[in-house]
Amino acid sequence: VLCVDDEQPAVDELAYLLGRDDRVTEVLTCTSATEVLQRLQETQVDAVFLDIQMPALNGLELAGVLARFRRPPALVFVTAHDEHAVAAFGLRAVDYVLKPVRADRLAETIGRLAGDSADRPAEVEDLQIPVELGGVTRFVRRSEITHVEAQGDYARLHTASGSHLVRIPLTQLELEWAPARFARIHRSLLVNLARVTEVRTDAGRCSVVVTGPGGHPVDLVVSRRHTRQLKDLLAKGAR
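Computed from a prediction, not measured in an experiment: that's the story for all the values here.

> I would appreciate a short explanation of the packing of helix α1 (residues 8-19) against helix α5 (residues 103-114) in the present structure.
How two helices sit against one another is set out by the angle between their axes and by the gap between those axes. Following both chains from N to C, one finds α1 and α5 inclined at 65°, their axes separated by 10 Å at the closest point. It follows that α1 is roughly perpendicular to α5 by the angle criterion. For α1 against α5, the interelement crossing comes out right-handed. Contacts between α1 and α5 pair L14, L17 and L18 from the former with A103, L106 and I110 from the latter. A per-class count over the contact of α1 with α5 returns six nonpolar, no polar and no charged.

As structure tokens, then:
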């Protein structure tokens, strides 16, 4: 693996922690984007651990360059700032680790890179949800649901073809569907992360886009309270 940070103490500490893990066979270090590109011309690495705030070419910009390699390395961002998680998601980072880095947290990341079975998400059954329509019971696959909207003691299930009202509280669905990557983004909204097509940030406010009826985009506002958690889930889901 290659560690990149413009601050020498930070890159030394990260290299030390990585080197303690038996699954890591060799650790290289660089302190600038230029040095990284030169090193990668000579050596192929499995993963690059990137700081974001760096002079000249920052970590996100450097990741964009690495993504165009014929055999791009896996990317892990290591930063003190959580607001870049959405951009990391767009670059398909394996993980997004916040500083100060803990050894146990880093072990999880190495497990994902190494493909440890214990770090892989378990397969979740795609449930068939019964819905009533004109006296007829039909079934909607949970994976087809883009988002769920609270309506009192009921919940409205939205799909790309329409919506269905079911008598289940949103809080119950939040707990039961969390393993299927349904996440709360507002006090009245759950979203299926697998159905998110865009993440938008404007003036500090975050929203996600899903596909609605007729293929039209539906913009869902994310509350400030839930923004950080959403960004973390999206970054993890990119691996």
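Having put the structure on the table, let's press on.
> Please explain the nonpolar core as it appears in this structure.
Among soluble globular proteins, nonpolar side chains are generally buried collectively. Grouped together as the largest cluster of nonpolar side chains are 20 residues, with contacts concentrated most on L2, V4, V36, V48, L50, L62 and F77. At the level of elements, β1 (2-4), β2 (28-30), α2 (33-42), β3 (47-50), α3 (59-66) and β4 (74-79) are the ones that each hand at least two residues to this core. Broken down by element, this core gets its largest block of residues, four residues, from α3. Contact partners of V4, with chain neighbours within four places excluded, come to V11, C30, V36, V48, F49, L50, D51 and M54.

> How do you make sense of the environment of P100 when you look at a structure like this?
Structurally, P100 is set in the loop between β5 (95-98) and α5. Taking the C-alpha atoms as reference, P100 lies 9.4 Å from A10; in sequence the two are 90 residues apart.

What counts, and at which threshold
Residues numbered from 1 in each chain as written. Predicted model: local features only at pLDDT ≥ 70, side-chain atom pairs only at ≥ 80, totals over all residues. Heavy atoms only, no water. Axes fitted to C-alpha atoms, helices over the stretch in contact; angles between N-to-C directions. Helix = DSSP H or I, 4+ residues; strand = E, 2+ residues; numbered from the N terminus. Parallel < 35°, antiparallel > 145°, perpendicular 65-115°, else oblique. Left-handed = near helix turned anticlockwise from the far one by under 90°. Contact = heavy atoms within 4.5 Å. Nonpolar A, V, L, I, M, F, W, Y, C, P; charged D, E, K, R; others polar. Core = buried A, V, L, I, M, F, W, Y, C linked by side-chain atoms within 4.5 Å. Buried < 20%, exposed > 50% of the residue type's maximum accessible area, 1.4 Å probe, protein only.

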